[in-house]
Amino acid sequence: MTRVSAGETGAFRLAPSMLSADFSSLAESVAAVDAETDWLHVDVMDGHFVPNVTIGPPVVKALRPHSTKFFDCHLMMTEPERYLEAFATAGADGCTVHVEIGRTSQILQVARDLGLRVGLAANPDTDFSTVAPFLGDIDLLLLMTVFPGFGGQKFIGDVMTKVTAARREIDAQQLPVDIEVDGGIDENTIGIARAAGANVFVAGNAIFSAIDPLAAASRLRSAGS
Ligand code: DX5
Ligand code: ZN
């Protein structure tokens, strides 16, 4: 199966978070929303950076033959550089690391050298000034709209100030960088985040906890694009 590319930078994309999918039948859950989604958001938690543990490279590898989607791996990890190669080998297309752990330039370079699409994430209480110096080194800026660790949390609207600042700076410098928002994205908040300047939307609960996930994804797409 030929893997689908990331697509045009800045274009609308909906990325279901498999965190809220049925882990006993991940391939089927992901396939069920294929027609109305663009990327697959893979939430990796190490029990250190966040107080929760989820999945690692073996699950990415197991899922890879079942989907042509761009695998957008969100590494909520204290030491992602130890695992980037394993994720790349397993079939990750993009890996996003958190700015809060430091060593940012070095870690981004490791990801770049592996041929990954490179993302940098910031928690809701991390200032834009912390990520701004790296905008020229990344393909994606992930601005968390909840504190990472769990699905199903409430969207933090205050983050929109940061989204607006990021969009202004990225456009002013004409940088090829996507702005992704993650956490509490639903039919109401997706439009708010879109208006603020985000273009990639992660949604877990709003898609996989719906009675009809495909219809929910379709409604999100309409509300956000
Ligand atoms: C939170 C994760 C998110 C989360 C989003 O730590 O990074 O991707 O699964 O889930 P919802 O859409 O349910 O807030
Ligand atoms: Zn995530």
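No experiment lies behind these values; they were computed from the predicted model shown.

*Asks:* When you look at the sheet that holds strand β6 (residues 140-144) in this model, what are you seeing that I'm missing?
*Replies:* Strands belonging to one sheet form pairs held by backbone hydrogen bonds; the direction of such a pair is parallel or antiparallel. The 8 strands lie next to each other as β1-β8-β7-β6-β5-β4-β3-β2, forming an open sheet whose pairing is parallel. Whereas interior strands pair on both sides, the edge strands pair on one side only; in this sheet they are β1 (13-16) and β2 (39-45). Strand-to-strand twist of the sheet, defined as the mean angle between neighbouring strand axes without regard to direction, takes the value 25°. Docked against the sheet, helix α4 (residues 104-113) engages β4 (94-98) and β5 (117-122), running at close to 150° with respect to β5.

*Asks:* Can you walk me through the packing of helix α6 (residues 160-172) against helix α7 (residues 189-196) in this structure?
*Replies:* One can describe the packing of α6 onto α7 by two numbers: an axis separation of 8 Å at closest approach and a directional angle of 35°. Here Met160, Val163, Thr164 and Arg167 of α6 lie close against α7, whose contacting residues are Ile192, Ala193 and Ala196. Taken together, the residues that form the contact of α6 with α7 break down as 5 nonpolar, 1 polar and 1 charged.

*Asks:* Looking at this model, I keep getting lost on the coordination of the zinc ion (ligand 2). Mind explaining?
*Replies:* For a metal bound by four donors in tetrahedral geometry, the ideal donor-metal-donor angle is 109.5 degrees, whereas six donors in octahedral geometry ideally sit at 90 or 180 degrees. Looking at the zinc ion (ligand 2), one finds its protein donor set to be His41 (NE2), Asp43 (OD), His74 (ND1) and Asp182 (OD), positioned 2.0 to 2.3 Å from the metal centre. Here the donor residues of the zinc ion (ligand 2) are spaced in sequence according to H-x1-D-x30-H-x107-D. Taken together, the positions of His74 in strand β3 (residues 70-76) and Asp182 in strand β7 (residues 178-182) put the pair 108 residues apart, joining distant regions of the chain. Here His74 matches Asp182 in class, with each residue buried.

*Asks:* I'm lost on the pattern of salt bridges in this one. Help?
*Replies:* Between side chains of opposite charge, a pair can form as their charged atoms come close. Following the criterion strictly, the structure yields 12 salt bridges and no others. Note that Asp38 is salt-bridged to Arg221, the shortest N-O span being 2.7 Å. Taken as a pair, Asp38 in the loop between α1 (26-32) and β2 and Arg221 in helix α9 (residues 213-224) lie far apart in primary sequence, 183 residues in all. Under the relative-accessibility criterion, Asp38 is labelled partly exposed at 21%. For Arg64, the salt bridge identified is with Asp93, shortest N-O distance 3.0 Å.

*Asks:* Help me out: how do you make sense of the environment of Gly94 in this one?
*Replies:* Tracing the chain through its elements places Gly94 in strand β4. For the pair formed by Gly94 and Ala111, sequence separation is 17 residues and the distance between their alpha carbons is 8.6 Å. Discounting residues that sit within four places of it in the chain, Gly94 has contacts with Phe70, Phe71, Asp72, Cys73, Leu116 and Arg117.

*Asks:* Would you explain the pairing of β3 in this entry?
*Replies:* On any regular strand, side chains alternate: one points to one face of the sheet, the next to the other face. Buried residues dominate β3, accounting for 7 of its 7 residues. In the sheet, β2 pairs with β3 via 7 bridges, with the strands oriented parallel. Residue pairing for β3: Leu40 is matched across the bridge by Phe71. Remark: the β2/helix α2 (residues 57-63)/β3 crossover connection has right-handed handedness. Traced from β3 through helix α3 (residues 84-90) to β4, the parallel crossover comes out right-handed.

*Asks:* Explanation requested: the packing of α7 against α9 in the structure shown.
*Replies:* Each pair of packed helices can be described by the angle between their axes along with the distance between the axes. Orientation of α7 relative to α9, taken along the N-to-C sense of each, is 35°, at an axis distance of 8 Å. α7 and α9 meet at a crossing whose hand is right-handed. Where α7 abuts α9, its residues Ile190, Gly191 and Arg194 lie against Leu220, Ala223 and Gly224. Among the residues making up the contact of α7 with α9, the classes are represented as 3 nonpolar, 2 polar and 1 charged.

*Asks:* When you look at the pairing of β1 in this model, what are you seeing that I'm missing?
*Replies:* Neither face of β1 is exposed, since Arg13 and Ala15 on one face and Leu14 and Pro16 on the opposite face are all buried. As paired strands, β1 and strand β8 (residues 200-203) are joined by 4 bridges and run parallel to one another. Bridge pairing in β8 links Pro16 to Ala203.

Thresholds, definitions, all that
Residues numbered from 1 in each chain as written. Chains lettered and ligands numbered in written order. Predicted model: local features only at pLDDT ≥ 70, side-chain atom pairs only at ≥ 80, totals over all residues. Heavy atoms only, no water. Pairing = 2+ DSSP bridges. Helix = DSSP H or I, 4+ residues; strand = E, 2+ residues; numbered from the N terminus. Axes fitted to C-alpha atoms, helices over the stretch in contact; angles between N-to-C directions. Contact = heavy atoms within 4.5 Å. Nonpolar A, V, L, I, M, F, W, Y, C, P; charged D, E, K, R; others polar. Donors = N, O, S within 2.8 Å, 3.2 Å for Na, K, Ca; no water. Buried < 20%, exposed > 50% of the residue type's maximum accessible area, 1.4 Å probe, protein only. Salt bridge = Lys/Arg side-chain N within 4 Å of Asp/Glu carboxyl O. Right-handed = clockwise from strand over helix to strand, strands pointing away. Left-handed = near helix turned anticlockwise from the far one by under 90°.

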